[in-house]
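Here is how the chains run, residue by residue.
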Amino acid sequence: MAGIAAGGSRRSALAPYLLLAPGILYLLAFYLVPALSLARTALSPETGPWYGGLQHALSDYGMHLVRSFQYALTATVLAALLGYPLAYAMAFRAGRLKNLLLGLVMLPFFTTFLVRTLAWKTLLADEGLIVRALGALHLLPVEGRLLNTVWGVLGGLTYNFLPFMILPIYVSLEKIDRRHLEAAQDLYGAPASVFRKVVLPLSLPGLLAGSLLTFIPAAGDFVNAELLGTPNQKMLGSVIYGQFLTVRDYPLAASLSLLLMFFILLLVLAYTRALGTEDLA
Amino acid sequence: MDSVVTLEHVRKSFGDFVAVHEAHLSVGRGEFFSLLGPSGCGKTTTLRLIAGFELPDEGRVLLEGKDVSRVPPYRRNVNTVFQHYALFPHLTVRDNVAFGPRCRKLPRPEVERRVQGMLEAVHLVPYADRKPAQLSGGQQQRVALARALVNYPTALLLDEPLGALDAKLRQAMQAELKRLQREVGIAFVYVTHDQGEALTMSDRIAVMNEGRLEQVGSPEEVYHSPTTAFVAGFIGAANLLPARVVSLGEGRAAIAVAGDQPAEAAAPTWRAEPGQGATLMVRPERLRLAENGQGVSARLTAVVFQGAVVRCSLRTPDGSELVAHVGSDRPSPALETGRNYRLQWDPDAARLLPPPTQGAGAPLDAGVAGGSPVGPPAAASSTFHP
């Protein structure tokens, strides 16, 4: 290896590789091998060209793919709009309440994802508190409902991934040197300019990380659409789930997975490129 | 006096801790004014009161005669060079410097003209498009200066701006700062704990201790005529001896010192009565050693050659310790440890300070104060004790 050849001291030259080895082996065994097997299943149809399976999957389920991205994007934007002010308040204004709030943000993790989403089913039920309250305020039409609508699914997605948005933003805000804020004020920055010119740019890495941590799992999610929506809100994750475990059409399921991975990767690359990855710390 | 920064009886406390007691001072136009004192003496709080980061509990802060006590920092026309610069890490040098003018919504050509001019003045044009992390400490320091001065502030506030630099660079930056200050003609309020720095650069120095202004005066005044034992000990080295006023004459005071030995000192500037206790202050370089004749008797306990001077440690019969610096080129008389010598001084070089009041300057009652032997102001500039 290059490390040995380069260094006079073998031990120190080897150290980084030794530290990397367990992680790399683990990923090789449990990520790369399954991914390759998935690709093989998807790309070796019994008849036709190698891309036949993908073509078929895209033409049958393209709509679900688009919907998955629409929902994931909307949920990410909602989570950012809800999460940023909360993270800001925790980092700058909470004082002694900081740790308590941080604990509360993480509290939902003590209950499993599935149970939390099932609880939302109860919350959003037609005779449930929220529907009745919104009805009484005339924010929801008579006979209007939340469960089994796009709002239910978006609400569930946003709720479930919100902590993944809040925590990275909080960390990046917390990391900002308070002296930079004083310097900005000293240089005639009114509170709004201080936020726009200093706080927001310095917290972009957190916003970027939070968006990815929300968007990627939300795009592949199969629980929220399944439990809080109808077939009209079905996302690609549910389709894959059904094809793998119910229909057992492995090549189709594998093709769909591959497509989902590919488009997520494409979007993430475009996104990080636009925002600049060098600051993604 | 044409004062740009004025503090009127300003008091500031944090909880039970009083950071600044009754600060009362004014800084003139174009003046280089230093706030000097040990850490925790309230000098940085005083600066933050001027900048607007702290609001006074009592008293007023005035900028160019206008009361700004309740005005937020972004509406005060003073700018700060922060201790660790606080440059915006996400902005280039040029954008850092343009931050203030842009926040004030100056027209774009005006912003560009000012920024370019400022970058030229601090020799940073080749680095204009770099980020602060790509600059050396000295370069970052110049960006911090440019970023503040580009706004033509009423006063520039500097919080230990050279503290993070190594000794050699610090010395170069002192000269640079002084040059820049003369060029722009803006009042500098300079916070430092380094007495050498304060003596070298300042027009006037305010010496602070435990939240109080001990003395405000020119470098010569605070060095040669300190008004308190704390100032005497903090600026340069000083021999401080308990003394008693015997009688007061025209410009002179007869005193008893070091075991009731008679001596002379300059008449005190404060109201003193014969019989009253006081503290005698004499700088080590103002003491002369003689084999006999007049003077206070003391035994030589140690002699250390230090190059330009010979440092002599002496003990008086009552047990007080003194230090005398004797020029090494004229070793008269022969210095022999264990022998008794007569200590002589020019009465004008001996100052009578009021006896230490409770609480203030407590550790400096007597004996040799001030750790580092620093000569008069001219020599101090080349001597650093980090």
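All values reported here derive from a predicted model rather than from experimental measurement. (Residues numbered from 1 in each chain as written. Chains lettered and ligands numbered in written order. Predicted model: local features only at pLDDT ≥ 70, side-chain atom pairs only at ≥ 80, totals over all residues. Heavy atoms only, no water.)

A. Quick peek at the overall build of chain B. For chain B, the helix and strand inventory stands at nine helices and 21 strands. With the C-alpha coordinates of chain B rotated into their principal frame, the extents come out at 75 × 45 × 35 Å. When the 386 residues of chain B are sorted by exposure, 53% land in the buried category. A sequence separation of at least 24 residues applies to 67% of the contacts in chain B between residues at least 6 apart. Split by element, the accessible area of chain B, about 16400 Å² in all, is 49% carbon and sulfur. Computed over 41 positive and 40 negative side-chain charges, the separation of the two mean positions in chain B equals 6 Å. (Helix = DSSP H or I, 4+ residues; strand = E, 2+ residues; numbered from the N terminus. Buried < 20%, exposed > 50% of the residue type's maximum accessible area, 1.4 Å probe, protein only. Contact = heavy atoms within 4.5 Å. Areas by Shrake-Rupley, 256 points an atom, 1.4 Å probe, with all protein chains shown as cover. Lys, Arg positive; Asp, Glu negative; His and termini not counted. Charge placed at Lys NZ, Arg CZ, Asp CG, Glu CD.)

B. Quick look at the sheet that holds strand β16 (residues 296-305) of chain B. Residues and elements named next belong to chain B. If you trace the five strands from one edge of the open sheet to the other, you get β15-β19-β16-β17-β18, paired in antiparallel fashion. What marks the edges here is a single partner per strand, and that holds for β15 (288-290) and β18 (321-327). Between one strand and the next, the sheet's axes are offset by a mean angle of 50°, whatever the strand orientation. (Pairing = 2+ DSSP bridges. Axes fitted to C-alpha atoms, helices over the stretch in contact; angles between N-to-C directions.)

C. Highlighting helix α4 (residues 137-149) of chain B. All names here are of chain B. Its 13 residues give α4 an end-to-end C-alpha distance of 18 Å, which sits within 8% of 18 Å, the value for a rise of 1.5 Å per residue. Of all 13 residues in α4, 11 are buried, a share of seventy percent or more. Within the sequence span of α4, burial applies to G138, Q139, Q141, R142, V143, A144, L145, A146, R147, A148 and L149. (Expected span 1.5 Å × (residues − 1).)

D. The arrangement of the confidence of the model for chain A in detail. All names here are of chain A. In the predicted model, chain A carries a mean pLDDT of 89, and the fraction of residues at 70 or more is 94%. The secondary-structure element of chain A with the lowest mean pLDDT is helix α1 (residues 2-6), recorded at 45, while helix α8 (residues 178-186) shows the highest, at 96. Below a pLDDT of 50 lies the segment residues 1-7, which in the model reaches eight contacts outside its immediate sequence neighbourhood of four places, other chains included. (pLDDT = per-residue confidence, 0-100.)

E. Main features of the domain arrangement of chain A. All names here are of chain A. Here chain A is partitioned into domain 1 (1-42) and domain 2 (60-275). On a C-alpha basis, the centres of domain 1 and domain 2 stand 33 Å from each other. When domain 1 packs against domain 2, close to 470 Å² is buried across both sides, 84% of that on carbon and sulfur atoms. Per-residue buried area on domain 1 facing domain 2 is highest for L38, T41 and A42; these three make up 81% of the total on that side. Linking domain 1 with domain 2 are zero salt bridges. Linking domain 1 with domain 2 are zero residue pairs in polar contact (both at pLDDT 80 or more). Class assignment for the residues of the side of domain 1 that touches domain 2 results in four nonpolar, one polar and no charged. (Domains from an automatic or database assignment. Buried area = accessible area lost by both parts, 1.4 Å probe. Salt bridge = Lys/Arg side-chain N within 4 Å of Asp/Glu carboxyl O. Polar contact = N/O pair within 3.5 Å; in protein donor to acceptor, adjacent residues only side chain to side chain. Nonpolar A, V, L, I, M, F, W, Y, C, P; charged D, E, K, R; others polar.)

F. Spotlight on a nonpolar patch on the surface. Residue and element names in this part refer to chain A. A surface patch of nonpolar side chains, about 1200 Å² in accessible area, is lined by L20, I24, L25, Y26, L27, L28, F30, Y31, L32, L36 and M261. For the nonpolar patch, the element with the highest residue contribution is helix α2 (residues 10-43), accounting for 10 residues. Summarising the element assignment, M261 is placed in helix α12 (residues 250-275). (Patch = residues over 30% accessible without salt bridge, like charges linked within 9 Å, V, L, I, M, F, W, Y side chains within 5 Å.)

G. Main features of the side chain of K12 of chain B. Residue and element names in this part refer to chain B. Within the secondary structure, K12 sits in strand β1 (residues 3-14). Of note is the side chain of K12, whose polar atom sits 2.9 Å from the backbone oxygen of L55. For K12, the residues in contact, after removing those within four places along its chain, are V18, A19, V20, T45, L49, E54, L55, P56 and D57.

H. Quick peek at helix α4 (residues 98-106) of chain A. All names here are of chain A. Of the positions making up α4, those classed as buried are K98, L102 and V105. Buried residues of α4 fall within an arc of 60° about the axis and therefore sit on the same side. Taken together, the buried residues of α4 touch α3 (52-93) and α7 (150-175). (Arc of directions from axis to C-beta.)

I. Local environment of the sheet that holds strand β9 (residues 204-209) of chain B. All names here are of chain B. With mixed pairing, the six strands of this open sheet are ordered in space as β6-β7-β8-β3-β9-β10. Bordering the open sheet on either side are β6 (78-81) and β10 (212-217), each of which pairs with just one other strand. The sheet shows a mean angle of 20° between the axes of neighbouring strands, direction not considered. Both β6 and strand β7 (residues 155-159) contribute to a ladder of four bridges, which runs parallel.

J. Broad picture of the packing of α3 of chain A against α12 of chain A. All names here are of chain A. Packing of α3 against α12 leaves a shortest axis separation of 9 Å and a crossing angle of 50°. Classified by the interaxial angle, the pair formed by α3 and α12 is oblique. As for how α3 packs across α12, the hand of that crossing is right-handed. Residue-level contacts link G53, L54, H56, A57, L58, Y61, L65 and F69 of α3 to L252, S255, L256, L258, L259, L260, F263, I264 and L267 of α12. Its residues assigned to classes, the contact of α3 with α12 shows 14 nonpolar, three polar and no charged. (Parallel < 35°, antiparallel > 145°, perpendicular 65-115°, else oblique. Left-handed = near helix turned anticlockwise from the far one by under 90°.)

K. Representation of the nonpolar core in the model. Within the largest apolar cluster, 60 residues are counted, with the highest numbers of intra-cluster contacts made by L173 and V199 of chain A together with L35, F88, F99 and V189 of chain B. The element that contributes the greatest number of residues to this core is α3 of chain A, accounting for seven residues. The next biggest cluster of nonpolar side chains, apart from the first, holds 39 residues, and it includes V131, L212, I240 and L252 of chain A. (Core = buried A, V, L, I, M, F, W, Y, C linked by side-chain atoms within 4.5 Å.)

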